[in-house]
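Descriptive structure summary
Read off the chains here:
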Amino acid sequence: MTASIDFEIEDASDGADGSRNEKPRVDFGSGLPVGEAATRAPAEQACDATHGARAGLSLKGGSAMSALAPFPGTAFFHKGQRSPVISAMGKRLVAEGCGKYREGPGPVWTEVDQQSYAAWQRKLKFAGADANGIPGKTSWDRLRVPKAPAAPTPAASGGRVASPVPGKGVTTAYRKKGPHWSLGYHTGADYAAPKGAPCVAVRSGSIVRSGNDGSFGLFLVLRVGGFDFWYCHLSERTVTRGSVKAGDKIGEVGSTGNATGPHLHFEKRPAGGGFGSDVNPTW
Ligand SMILES: [Zn+2]
C-alpha cells in the first residue's frame, strides 16, 4: 500500500455507492476502503491534498479506520435524525473550516449541518447535486469522522443516573413552603410516579438503613461519601443492606406513610444527619 497522498479520478461509469446525491468522482487510491469504486483511471492530483495534510489527516488508511464511523448511508441524513455520529461529524466539519454552526454542532441533523456539509463537499471540488449537503460515501470517508464514544453506563463509570425514578422528574420541589410540612417547608424533592415504578440508586454507594416510619413510610437510606440519600414512601424495598451501583434498582414507588398519592420523596442529608438537616438533593 502506498503511504503517499495519491488521488485517482474514477471512471464516470461507476458511482454506485447507493447515493443519488453525490456521485463520487474523486477518491483516494491509498488503501481507504471505498465501496463505490469499480474502475479507476490514474490522474493527477485534483484536489486540496495539502489542505488535508495541514488538517492533520492521516491518509495512510488501514489501521486507523476502525476508529472511524462508517458511512451510515444517504437515507440516514434526514431532518430530525438524532445520533452522536452527527455531533462527531459536525466537529470534524468545524475542524475543516466548514462549520456554519452558531451553536453546536449537536446530535440532531439540521439545515445547518447540511450547509456545513455542503461547504465540505465544495471544498472537495464536488459541485451541483454532489454538493447538496447530504453526505455521500466518498466525502464521508474523506472527512474521517471518529466513532462516537459509547455512552458510559452508570455502572462502568461509577457515575450517576438522571433521576432516582428513571424517566420521572421532580413534581414537588425541594424547600417548597407549605403548612402541611412539619418544618413549614419540603425537606426533599418529590417524584410522582405510579405505584411500583422502580427507584434506583442515584450513585454507587451502600444501603445503610432501612425502616418503616409513620411519616416517611417504608424507606431506604443510600450513603454515598459524606451524604445520605433517603428514599421514602416506598411500596417495596428491593435492597435493604449493602453496596449498590448507580442505576441499580433498590425499591419501588409507593404511598406508604404520610403521602397523598404514590411518589418518591427523595431527601439528602449529611451522613447520619437527622430530620431537618436536609440539603439540596443533588447527586
Ligand atoms: Zn416529599
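My aim in this report is to walk through the structure given alongside it, one point at a time.

Regarding helix α3 (residues 111–123)
With 13 residues, α3 extends 18 Å from end C-alpha to end C-alpha; this agrees with the ideal 18 Å at 1.5 Å per step. Within the span of α3, buried status applies to Asp113, Ser116, Tyr117, Ala118, Ala119, Trp120, Gln121 and Lys123. The N-cap residue of α3 is Thr110: its side-chain oxygen and the backbone nitrogen of Val112 are 3.2 Å apart.

Some remarks on the sheet that holds strand β9 (residues 236–237)
One open sheet accounts for 3 strands, arranged β5-β11-β9; its pairing is antiparallel. One side of each edge strand has no neighbouring strand; the edge strands of this open sheet are β5 (198–200) and β9. Examined bridge by bridge, β5 and strand β11 (residues 249–252) share 3 bridges and lie antiparallel to one another. Each bridged residue has a counterpart across the sheet, and for Pro198 the counterpart in β11 is Glu252.

Here we look at the sheet that holds strand β6 (residues 205–213)
In spatial order, the strands read β4-β12-β8-β7-β6-β10; together these 6 strands make up an open sheet with antiparallel pairing. Strands with a single pairing partner mark the edges of an open sheet, and in this sheet they are β4 (189–192) and β10 (242–244). If you compare each strand with its neighbour and ignore which way they point, the axes differ by 30° on average. Note: β4 against strand β12 (residues 263–270), 4 bridges, orientation antiparallel. Note that in β12 the partner of Tyr191 across the bridge is Leu264.

Calculation notes
Residues numbered from 1 in each chain as written. Predicted model: local features only at pLDDT ≥ 70, side-chain atom pairs only at ≥ 80, totals over all residues. Heavy atoms only, no water. Helix = DSSP H or I, 4+ residues; strand = E, 2+ residues; numbered from the N terminus. Expected span 1.5 Å × (residues − 1). Buried < 20%, exposed > 50% of the residue type's maximum accessible area, 1.4 Å probe, protein only. Polar contact = N/O pair within 3.5 Å; in protein donor to acceptor, adjacent residues only side chain to side chain. Pairing = 2+ DSSP bridges. Axes fitted to C-alpha atoms, helices over the stretch in contact; angles between N-to-C directions.

All quantities given are derived from atomic positions and should not be read as evidence of function.
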